[in-house]
Amino acid sequence: MSDPTTAMVMAAGLGRRMRPLTDSRPKALIEVGGKALIDHVVDPLLAAGVERVVVNVHAHADQLEAHLKRRRDAEFLISDERTRLLETGGGLKHARALLGDGPIWVANSDYVWVPSGPAALKLIANAWDPARMDACVIVTPKARTLGFDTPGDFFADADGALTHRGDHAEAPLHCFGVQIMDPQAVYADPREIFSLFDFWLAATHARRLFGVQPPGLWMQVGDPRALAEAEARLR
């Protein structure tokens, strides 16, 4: 099987938690270690063989479009959500004509990681098996994360199949927003506005959501405090 060469990067959020920095620019263009957040995600995707990157835009969309136009290392396409935010699932469905119908990479634009060992995205690509998976996502033990403010997302069994925390107070693994997935179930959803979490939950019930745990430090950069922590670690 060939690895997916198309990626969807989610960058249409309002960035409310990052205010006042996002009063005048999109969160995806906040710099961490001298590099825009979106580039921290796009660069590893291109290193993993991605050739087409679809980015959804909303707040300060013109700035993000201009930034992407300056890149010449892949095909960058814009999925326009200026008039209405569609959440992650609705945003992906809205971009179907740009993404195609095959498996794709999907990544959030507010994550930074310090790798250790093999390239993390290559580990996902090696594990991806569409015959038994709807998605294969990065999950990481909480001790190797910064900036996450939830009690953990998933449990993993010996094969890597994931179960959501559900009624448990905590779970040992945070979900890091980078994955390979088959988008067909998302495209088939009749709603216009919905979250990819619904897709994940259905996949866990069918035992078709799997996780990979690459080594390294994994940081969510969602607010000014997390930004400062990420800057300090990168230094």
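Rules used throughout
Residues numbered from 1 in each chain as written. Predicted model: local features only at pLDDT ≥ 70, side-chain atom pairs only at ≥ 80, totals over all residues. Heavy atoms only, no water. Salt bridge = Lys/Arg side-chain N within 4 Å of Asp/Glu carboxyl O. Helix = DSSP H or I, 4+ residues; strand = E, 2+ residues; numbered from the N terminus. Disulfide = S-S within 2.5 Å. Buried < 20%, exposed > 50% of the residue type's maximum accessible area, 1.4 Å probe, protein only. Core = buried A, V, L, I, M, F, W, Y, C linked by side-chain atoms within 4.5 Å. Contact = heavy atoms within 4.5 Å. Pairing = 2+ DSSP bridges. Phe/Tyr/Trp six-rings, centres within 6.5 Å; stacked < 30°, edge-to-face > 60°. Lys NZ or Arg CZ within 6 Å of the ring centre and 35° of its normal. Arc of directions from axis to C-beta. Polar contact = N/O pair within 3.5 Å; in protein donor to acceptor, adjacent residues only side chain to side chain.

Observations concerning the pattern of salt bridges
For step 1, the next point in the chain: With the rule as written, the count across this model stands at 23 salt bridges.
For step 2, the next point in the chain: Across the pair glutamate 75 and arginine 52 runs a salt bridge, and its minimum N-O distance is 3.3 Å. Taken together, the residues glutamate 75 in strand E5 (residues 75–80) and arginine 52 in strand E4 (residues 52–57) connect sequence positions 23 residues apart.
For step 3, the next point in the chain: Close ionic contact of aspartate 157 with arginine 207 constitutes a salt bridge, the shortest N to O distance being 2.6 Å.

Notes on the state of the cysteines
For step 1, the next point in the chain: Using the criterion set out here, one finds zero disulfides in the structure.
For step 2, the next point in the chain: Cysteine cysteine 175 shares no disulfide, and the gap to the nearest cysteine sulfur, in cysteine 136, comes to 11 Å.
For step 3, the next point in the chain: Under the relative-accessibility criterion, cysteine 175 is labelled buried at 6%.

Focus on the nonpolar core
For step 1, the next point in the chain: Ranked by internal contacts, the top residues of the largest apolar core, which has 40 residues, are Ile38, Leu45, Val55, Leu64, Trp105 and Val178.
For step 2, the next point in the chain: Among residues more than four places away in sequence, those in contact with isoleucine 38 are Val9, Ala11, Ala28, Leu29, Val55, Leu64, His67, Leu68 and Ser109.
For step 3, the next point in the chain: Counting residues in each nonpolar core, the second largest holds 24 residues, with Ile104, Ala135, Cys175 and Ala203 among its members.

Details of the pairing of strand E12 (residues 173–181)
For step 1, the next point in the chain: In terms of burial, E12 is largely enclosed, as nine of its nine residues are buried.
For step 2, the next point in the chain: Side chains Leu173, Cys175, Gly177, Gln179 and Met181 of E12 all project onto a buried face; the interleaved residues His174, Phe176, Val178 and Ile180 project onto the opposite face, where all are buried too.
For step 3, the next point in the chain: Of the pairings in the sheet, the one linking strand E6 (residues 104–108) to E12 comprises four bridges and is antiparallel in character. Note that in E12 the partner of valine 106 across the bridge is glutamine 179.
For step 4, the next point in the chain: With seven bridges connecting them, strand E8 (residues 135–141) and E12 associate as antiparallel partners. By the bridge assignment, threonine 140 is partnered in E12 with histidine 174.

Topic: the environment of methionine 8
For step 1, the next point in the chain: Relative to the helices and strands, methionine 8 is located in strand E1 (residues 6–10).
For step 2, the next point in the chain: Residues methionine 8 and valine 112, 104 residues apart in the sequence, show an inter-C-alpha distance of 17 Å.

Remarks on the sheet that holds strand E14 (residues 216–220)
For step 1, the next point in the chain: Strand order in the open sheet formed by three strands is E7-E14-E9, with mixed pairing between adjacent strands. Across the chains shown, the open sheet's two edge strands, defined by having one partner strand only, are strand E7 (111–115) and strand E9 (145–146).
For step 2, the next point in the chain: Bridging between E9 and E14 involves two bridges; their strand directions are parallel. Its bridge partner being in E14, leucine 146 is matched across the sheet by methionine 219.

Let's talk about the packing of aromatic side chains
For step 1, the next point in the chain: Inspection of the entire model under this criterion finds seven aromatic pairs.
For step 2, the next point in the chain: Aromatic pair tryptophan 113 and phenylalanine 176: ring centres 5.5 Å apart, planes at 85 degrees, arrangement edge-to-face. One end of the pair, tryptophan 113, is in strand E7; the other, phenylalanine 176, is in strand E12, and 63 residues separate them in sequence. With respect to class, tryptophan 113 is no different from phenylalanine 176; both count as buried.
For step 3, the next point in the chain: Three or more aromatic residues joined by ring pairs form one cluster here, namely Tyr111, Trp113, Phe148, Phe176 and Trp218.
For step 4, the next point in the chain: Across the ring face of phenylalanine 210, the terminal group of arginine 132 is positioned such that the distance to the ring centre comes to 4.8 Å.

So, helix H8 (residues 224–234)
For step 1, the next point in the chain: Among the residues of H8, those classed as buried are Ala226, Leu227 and Ala230. Buried residues along H8 cover an arc of 105 degrees about the axis, so they all sit on one side.
For step 2, the next point in the chain: The inward-facing, buried residues of H8 contact strand E2 (31–32) and E14.

Notes on the environment of leucine 21
For step 1, the next point in the chain: Inspection of the secondary structure puts leucine 21 in the loop between E1 and E2.
For step 2, the next point in the chain: Judged by relative accessible area, leucine 21 falls into the partly exposed class, the value being 27%.
For step 3, the next point in the chain: Every residue in contact with leucine 21, bar those within four places of it in the chain, is listed here: Ile30 and Leu227.

Things to note about the side chain of glutamine 179
For step 1, the next point in the chain: For glutamine 179, the position within the fold is in strand E12.
For step 2, the next point in the chain: At a separation of 3.1 Å, a polar atom in the side chain of glutamine 179 contacts the side chain of tryptophan 200.
For step 3, the next point in the chain: Those residues in contact with glutamine 179 that lie beyond four places of it in its chain are Ile104, Trp105, Val106, Ala135, Cys136, Val137, Leu196 and Trp200.

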